[in-house]
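So the chains spell out like this:
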Amino acid sequence: MAAKNYNIETENLNLWYGDFQALIDVNVKILAGEITSLIGPSGCGKSTLLRCFNRVNERYGNVTTKGKIQVLGKNIYDADVSLPELRKTVGMVFQRPNPLPISVYENILFGLRIHSPLRSLTRAESDAIVEEALTSVFLWDALKDKLKVRATSLQLEQQQKLCIARLLPLKPQIILMDEPCSALDAKGTLAVEELMSYLAGTYTFLIVTHNMAQARRVSSECIFMFLGELIEHRNTQALFETPHNSKTADYVQMRYA
Amino acid sequence: MDKSKIVFHSIALITLVVVFLFFWYLIENTHTEIGQQPTANSQQPTADSHLYLLLPISLLAILLGVACAFYLEERLPPTNWFRRLIESEVAIFTGIPSLLYGLLAVEIFVSYTLGSSGQGWGVLFYAEVLTFIVLVMPLTIRTTQAALRSVATPIRESAYALGASQWQVLSNQVVPLAFPGILAGCCRAMSRALAAAALLMGIHTWGYTHETAISAGIHSRYVLLLVAALLFSTFFSFLKENPT
Ligand SMILES: Nc1ncnc2c1ncn2[C@@H]1O[C@H](COP(=O)(O)OP(=O)(O)OP(=O)(O)O)[C@@H](O)[C@H]1O
Ligand SMILES: [Mg+2]
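As the structure is a prediction and not an experimental result, all values here were calculated from the model. (Residues numbered from 1 in each chain as written. Chains lettered and ligands numbered in written order. Predicted model: local features only at pLDDT ≥ 70, side-chain atom pairs only at ≥ 80, totals over all residues. Heavy atoms only, no water.)

**Q** For this particular structure, what's the right way to read the overall build of chain B?
**A** Helices and strands together make up the secondary structure of chain B, namely 9 helices and 0 strands. Look at the contacts in chain B between residues 6 or more apart in sequence, and 83% of them connect residues 24 or more apart. For chain B, the accessible surface area stands at approximately 12600 Å², while carbon and sulfur atoms represent 71% of it. (Helix = DSSP H or I, 4+ residues; strand = E, 2+ residues; numbered from the N terminus. Contact = heavy atoms within 4.5 Å. Areas by Shrake-Rupley, 256 points an atom, 1.4 Å probe, with all protein chains shown as cover.)

The following block contains the structure:
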């Protein structure tokens, strides 16, 4: 077997909110270019784990993290790691679509603008970037005449796709998604899933979902978590069909019933 | 949790009592001369110009209040003791009806006008300034904090997750979105200060005969202040109803 390429690796990752331990000795390796789904009952620490990888957990103030997290082979707690750079490499999509309350056009460029010196983009360059990003998420045709429209007034599905599109100009390698479809209807969910499958390969996806069918449809790897612990991490099909751990089996069956 | 809340509230209350005692002391000490009647008005134009100083001072206090709110809300975690202390104070001071501030200001002012023999304002002027600061600053802090808080967390989160620094999040997103709210708060505070100044001005005319009052333009200034106060509060409700 060829050596596998991992984008994220953790070693004995422990995390506390105050004195409540939300992650317990998590060791995980996320395959590059694949879609990995994170499942588990509510409150088991899926979002917490996800937020470790771009260090947004730290914003909550009372968080203590112990252990090692390597992203693209680099320990993200090293002193020379710059947070803006890390968050450029590791993009994030949230549960509720959260485009900024500015135009579609400016939303796409926002990331670049904060990472590059003032006015370093010409008009033509920005136009090209916006078109490319919107085309990659299949939104260009729908939005090419609405670039000046406030992004928060779009349909939810379009907003969520826009939230994916605005990551792309930053050339991320990893995209974290926290229940990205839970605010969308069935059609929107399918559209986002299609988009993920289309973009997988170029980007590594890590997606938290409560929807088992979605995990099966979209991901090639699956992680089951329970009360802050990583219980099982295997190929999605294997995890669903022949779970090794009885907790996984219970959860998967209950969810399916 | 609850214990520390009680501690902070009591500290705030103690401050309030100390401030109250301070004013009471000042008033008691000047009331001995209340029997005097206002006779000449030779010194009063001085008092008048001092009165106008109160408005720029209120404006400064408002700006300081805005800065203070930014610091508390954006730089300190909600659990920080200093933040909680100031917030408790603010809650108490904004809870006092502005009528009481007005009465306090008038009381000090009248004490001065009746009691002064024109050797300058001294400590009473500072008391007056303090009243105005206490009148506008807590209100500004409170409304500015509310405006900053009203900028939804998802907006901040999404900007941070794209790698924005705190400064970028503030200057690009939070300030533009919170601006109407902040301005509304400043207007409300300014309207309070103007109304109090108008009140003082009205009281001030007691010292004049009708003719001198008119020739000194006291009445018209009084009306002007009231109108300005009215305008500010109208503007405030306008901003409140039309958040952009
Ligand atoms: N900011 C926080 N402060 C304190 N505790 C928190 C915080 N965020 C999460 N927790 C706690 O940590 C645990 C894990 O939370 P997390 O949000 O990671 O769960 P989750 O698996 O994503 O759940 P869900 O499926 O409901 O989204 C929960 O018990 C939660 O109450
Ligand atoms: Mg979650």
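**Q** Can you walk me through the packing of helix α3 (residues 104-115) of chain A against helix α4 (residues 123-136) of chain A in this structure?
**A** Angle between the axes and distance between the axes: these two values describe a pair of packed helices. Residues and elements named next belong to chain A. Two elements in contact, α3 and α4, have axes separated by 10 Å at closest approach and are oriented at 100 degrees. Between α3 and α4, the angle is such that the two are roughly perpendicular. Contacts between α3 and α4 involve Val-104, Tyr-105, Ile-108, Leu-109 and Leu-112 from the former and Arg-123, Ser-126, Asp-127, Ile-129, Val-130, Ala-133 and Leu-134 from the latter. Residue composition of the contact of α3 with α4, grouped by class: 9 nonpolar, 1 polar and 2 charged. (Axes fitted to C-alpha atoms, helices over the stretch in contact; angles between N-to-C directions. Parallel < 35°, antiparallel > 145°, perpendicular 65-115°, else oblique. Nonpolar A, V, L, I, M, F, W, Y, C, P; charged D, E, K, R; others polar.)

**Q** When you look at the sheet that holds strand β4 (residues 35-39) of chain A in this model, what are you seeing that I'm missing?
**A** In a beta sheet, neighbouring strands pair by backbone hydrogen bonds and run either parallel or antiparallel. All names here are of chain A. Pairing within the open sheet is mixed, and its 6 strands lie in the order β7-β8-β9-β4-β10-β11. This sheet does not close on itself; its edge strands, each paired only once, are β7 (90-93) and β11 (229-235). Taking the axes of each pair of neighbouring strands and ignoring which way they run, one obtains an average angle of 20 degrees across the sheet. Sheet topology places β4 next to strand β9 (residues 204-208); 4 bridges connect them, and they run parallel. For Leu-38, the partnering residue across the bridge sits in β9 and is Val-208. Docked against the sheet, helix α7 (residues 186-199) engages β4, β8 (174-178) and β9, running at close to 150 degrees with respect to β9. (Pairing = 2+ DSSP bridges.)

**Q** How should the site of ligand 1 be read in this particular structure?
**A** Residue and element names in this part refer to chain A. Surrounding ligand 1, one finds 14 residues, the nearest of these being Ser-42, Gly-43, Lys-46, Ser-47 and Thr-48. Contact distances for ligand 1 include 2.5 Å between an oxygen atom and a side-chain N or O atom of Ser-42. One nitrogen or oxygen atom from the side chain of Glu-179 is found 3.4 Å from an oxygen atom belonging to ligand 1. Sorting the residues of the shell around ligand 1 by element identifies β2 (20-26) and α1 (46-52) as the ones contributing at least two each. Top element by residues in the shell around ligand 1 is α1. It accounts for 4 residues. Tallied by class, the residues present in the shell around ligand 1 amount to 5 nonpolar, 6 polar and 3 charged. (Near = heavy atom within 4 Å. Polar contact = N/O pair within 3.5 Å; in protein donor to acceptor, adjacent residues only side chain to side chain.)

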